[in-house]
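Spelled out from the first residue to the last, the chains are:
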Amino acid sequence: MHADRQREEASAPEALHPAQRPLPTRRGARRTGPPPRRGAGAVPRPESGRAPGRAIGPQIAALRERVRRLRPQRPPGTPPPSTRARLRRLLRWALVAQAVPLVLVLLFTLVNPPYTMFRLWNFGPTVAQWTDAEHVSRNFLIVVMGQEDQQFPERTLAVDYGMQWARVQAYMDGADDPSGSTITQQTSKNLFLWAGRYPPLEPVRKALEIPPAETMELVMSKRRILEIYVNVAQFAPRVYGVCAASWYYFGKSSRSLSVDESAQLIGLLPSPLHVERAPGGGMRFLGDTNGNGVADPGERGWISAKGYWHARERAPRWYTQMGGLAATEGLGIGGNASDLPAGDDPCREPPAALADLD
């Protein structure tokens, strides 16, 4: 009898080795034996695709808890906000987001923008040097209006809304943009918005740039809008403004740019990311696999090179169409930049940061 009790105790689950204890099944039944080992004949477990390491579940939970603490907490028993309240809050934030650029537009009528959102999106060191419109070559000012916005001197609104609607329709149909943005729209984008490299967000960006652009047309002179534009436009992956671009590519002040040199710079405006300074000066387009100095179709710098040659070919015609010096004189920028004392030129010396781009 004593021997029978010993056999029963030895066969009890608690007396089994941990690897031999009963395991629960899906329906509550119990089975005994060691857990199945992976190896020959074993069904492999599905792989998650994640490298072995620390589980991310607790990290996500901790992040959610941190975000929850940052959000304002409702007192216990308070019902959640209604849909109407949430819409009002969203509208309030949207108005704040639009009010900030409008206030800055008023400020920039008197103060030169120290930085732009366009440059902040670069996520790296950039080079720029502000120069007054009087010290920028008239060739450059005339040709840039000829390419980007020939109606700029006479335009009373920042946006041609009929043309803007045609652009929206073209985008919805998947067609090419039938026209470009006005100089005022581009200035608004460069100052307050992001670079146009995210196609799904293009309609949103083009809508957001309109209110500040219209405010500029109301409170700024044409001369001031053009002055800001040529100082914030991008001409290379890390080069902004006509002064830094003139020194970067040609090794001289922007006051002495010729019509052809102006066209070369202006041709880069649609696509300034795939070009760099050539060893002997001028432009070198990236992806020039055949070494001919000009990117061919299919190479990285093709769009930049295409705009470059297009501008060089048409610049003399644009200069004539704009009326020559009369175009800048009508904006309050008379004479030639070369007539002013060289010592007064803010662009008389290259920006020191250009040396870091070598």
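Bear in mind that the values here come from a model prediction, so they are computed numbers and not experimental data.

*Asks:* Just give me the short version of the overall build of the protein, but keep the residues and values in it.
*Replies:* Helices and strands together make up the secondary structure of the protein, namely 14 helices and 6 strands. Looking at the protein as a whole, 37% of its 358 residues are labelled buried. Sequence-distant contacts, at least 24 apart, represent 68% of the contacts inside the protein between residues at least 6 apart. Looking at the protein as shown, the accessible area adds up to about 21700 Å², and 58% of this sits on carbon and sulfur atoms.

*Asks:* Give a description of helix α7 (residues 183-192) that names residues and reports values.
*Replies:* One turn of an α-helix holds 3.6 residues; hence residues three or four places apart share an orientation. Buried residues dominate α7, accounting for 10 of its 10 residues. Along α7, the positions that sit buried rather than exposed are I183, T184, Q185, Q186, T187, S188, K189, N190, L191 and F192.

*Asks:* Outline the packing of aromatic side chains, listing residues and values.
*Replies:* Here the structure, examined in full by the defined rule, presents 6 aromatic pairs. Summarising the aromatic geometry, the rings of Y248 and Y249 are spaced 4.7 Å apart at their centres and angled 70° between planes, so their arrangement reads as edge-to-face. Note on Y249: relative accessible area 1%, which makes it buried. Between Y249 and F250, the aromatic rings sit 6.5 Å apart at their centres with planes inclined by 55°, giving tilted as the arrangement. Every member of this aromatic cluster is reached through a ring pair, and the members are Y248, Y249 and F250. Lying over the aromatic face of Y115, R119 brings its terminal NZ or CZ to 3.9 Å of the ring centre. A cation over an aromatic ring shows up here: R119 above the ring of Y240, its NZ or CZ 5.8 Å from the ring centre.

*Asks:* Please set out the nonpolar core residue by residue, giving values where relevant.
*Replies:* Residues F140, V144, M145, L226 and Y249 are the most contacted members of the largest nonpolar core, which totals 57 residues. Per-element accounting of this core gives the leading share, 7 residues, to helix α11 (residues 242-250). Once residues lying within four places of it in the same chain are set aside, the contact partners of M145 are Q150, F152, P153, I183, L226, M322, A327, T328 and L331.

*Asks:* Can you explain the state of the cysteines? Please cite residues and give values.
*Replies:* As enumerated under the stated definition, the model contains 1 disulfide in all. With a sulfur-sulfur separation of 2.1 Å, C243 is cross-linked through a disulfide to C347. Residues C243 and C347 are joined by a disulfide whose S-S torsion is about 100°; by sign, that bridge is right-handed. Pair noted here: C243 is in helix α11 and C347 is in the segment after α14 (325-329), with a separation of 104 residues, a long-range link. Taking the relative accessible area as the measure of exposure, C243 reaches 0% and is therefore buried. We classify C347 as buried; its relative accessible area is 0%.

*Asks:* Break down a nonpolar patch on the surface for me, citing the residues and quoting the values.
*Replies:* A cluster of nonpolar side chains, Y115, M117, L120, W121 and F123, forms an exposed patch at the surface whose accessible area comes to about 510 Å². Accessibility expressed as a relative area gives 32% for M117, which makes it partly exposed.

Scoring rules and cut-offs
Residues numbered from 1 in each chain as written. Predicted model: local features only at pLDDT ≥ 70, side-chain atom pairs only at ≥ 80, totals over all residues. Heavy atoms only, no water. Helix = DSSP H or I, 4+ residues; strand = E, 2+ residues; numbered from the N terminus. Buried < 20%, exposed > 50% of the residue type's maximum accessible area, 1.4 Å probe, protein only. Contact = heavy atoms within 4.5 Å. Areas by Shrake-Rupley, 256 points an atom, 1.4 Å probe, with all protein chains shown as cover. Phe/Tyr/Trp six-rings, centres within 6.5 Å; stacked < 30°, edge-to-face > 60°. Lys NZ or Arg CZ within 6 Å of the ring centre and 35° of its normal. Core = buried A, V, L, I, M, F, W, Y, C linked by side-chain atoms within 4.5 Å. Disulfide = S-S within 2.5 Å. Patch = residues over 30% accessible without salt bridge, like charges linked within 9 Å, V, L, I, M, F, W, Y side chains within 5 Å. Salt bridge = Lys/Arg side-chain N within 4 Å of Asp/Glu carboxyl O.

Spatial relationships are all this shows, so hold off on functional conclusions.
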